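# Residue-level structural notes
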Amino acid sequence: MKLAAKEQIDLEELKGNLERAFTDYKVSYPLFSKKMLRVSKGLSWVGVFQKKDVVKISGGPNIGNVWLILAIAIGAVLGVIGALLVVGIVWFAKKKEFTRMEQEVGHYIKEKYALQDSAVAKA
């Protein structure tokens, strides 16, 4: 999901707002970046970052989850195809969950900061 933003959003303020709005999700910065927020729950996560005048919100399987790392490692022992098969299975099994998370977080940011969808803003 892409949202058009006229000004830069303060990530620290956004982090606090997301923590208050979504108490069952964990909101944090990724390991090596302070320019992105990571909203996660279980095997799903959503990344929120701003690039120029667009806020991008994208979801996927939570590769940082210990159980998923273990499954990928076991798949890797069986070969590269095994590891890719594990990731593919988790992707398809959790797609509805991280898509729902992406929509929830995107809708909240859109309403809170009065942003428009990027495609609508360009028209």
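Every residue gets a number counted from 1 within its own chain, in the order that chain's sequence is written. Two thresholds apply to this predicted model, a pLDDT of at least 70 for residue-level local features and 80 or more for giving and counting side-chain atom pairs, whereas whole-chain, interface and lining totals are computed over all residues. Hydrogens and waters are ignored; side-chain quantities use all the structure's heavy atoms.

### What about the pairing of strand β4 (residues 44-51)?
Note on exposure labels: buried denotes an accessible area under 20% of the residue type's maximum, exposed denotes more than 50%, and partly exposed covers the range between, all computed with a 1.4 Å probe on protein chains only. In DSSP terms, a helix is any run of H or I states spanning at least four residues, a strand is any run of E spanning at least two, and both are numbered starting from the N terminus. The element β4 is largely enclosed, with a buried count of six among its eight residues. Paired strands are those between which DSSP finds at least two bridges. For strand β3 (residues 36-41) and β4, the ladder comprises six bridges, and the chain directions are antiparallel. Paired with arginine 38 across the bridge in β4 is glycine 47. Once β3 ends, the chain turns through two residues before running back antiparallel as β4, passing glycine 42 with a positive phi of about 65 degrees.

### Considering the pattern of salt bridges
Any carboxyl oxygen of Asp or Glu within 4 Å of a side-chain nitrogen of Lys or Arg constitutes a salt bridge here. Within the structure shown, the criterion is met by four salt bridges. Lysine 41 is the partner of aspartate 24 in a salt bridge, and the nearest nitrogen-oxygen pair spans 3.4 Å. Taken together, the residues aspartate 24 in the loop between α1 (11-21) and β2 (26-28) and lysine 41 in strand β3 connect sequence positions 17 residues apart. Accessibility expressed as a relative area gives 36% for lysine 41, which makes it partly exposed. Glutamate 97 is paired through a salt bridge with lysine 94; the nearest N and O atoms lie 3.3 Å apart. Of this pair, glutamate 97 and lysine 94 are both found in helix α3 (residues 80-112), three residues apart, which corresponds to roughly one turn of the helix. A relative accessible area of 24% places lysine 94 in the partly exposed class.

### Quick notes on a nonpolar patch on the surface
Grouping into patches uses exposed residues only, defined as over 30% relative accessible area, and leaves out salt-bridged ones; the cut-off is 9 Å for like charges and 5 Å for nonpolar side chains (Val, Leu, Ile, Met, Phe, Trp, Tyr). Note on areas: these come from Shrake-Rupley sampling with a 1.4 Å probe, and a residue is covered only by the protein chains present in the view. Together, Leu70, Ile74 and Leu78 give the surface a local cluster of nonpolar side chains, amounting to about 330 Å² of exposed area. Tracing the chain through its elements places isoleucine 74 in helix α2 (residues 66-77).

### Points about the packing of α1 against α3
Geometry of a packed helix pair, given as the angle between the helix axes and the separation of the axes. For the pair α1 and α3, the least separation of the axes is 11 Å and the interaxial angle reads 120 degrees. Taken together, the axis directions place α1 and α3 in an arrangement best described as oblique. Viewed along their axes, α1 and α3 form a crossing whose handedness is right-handed. Residues Leu14, Asn17, Leu18 and Ala21 of α1 form the contact with α3, whose own contacting residues are Val105, Tyr108, Ile109 and Lys112. Axes here mean lines fitted to C-alpha atoms, for a helix over just the part in contact, with angles spanning 0 to 180 degrees between N-to-C directions. What sets the label is the angle itself: under 35 degrees gives roughly parallel, over 145 gives roughly antiparallel, 65 to 115 gives roughly perpendicular, and the rest give oblique. Crossings are assigned a handedness: left-handed for a near helix turned anticlockwise from the far helix by less than a right angle, right-handed for a clockwise turn. Throughout, a contact is declared for two residues whenever any of their heavy atoms are within 4.5 Å.

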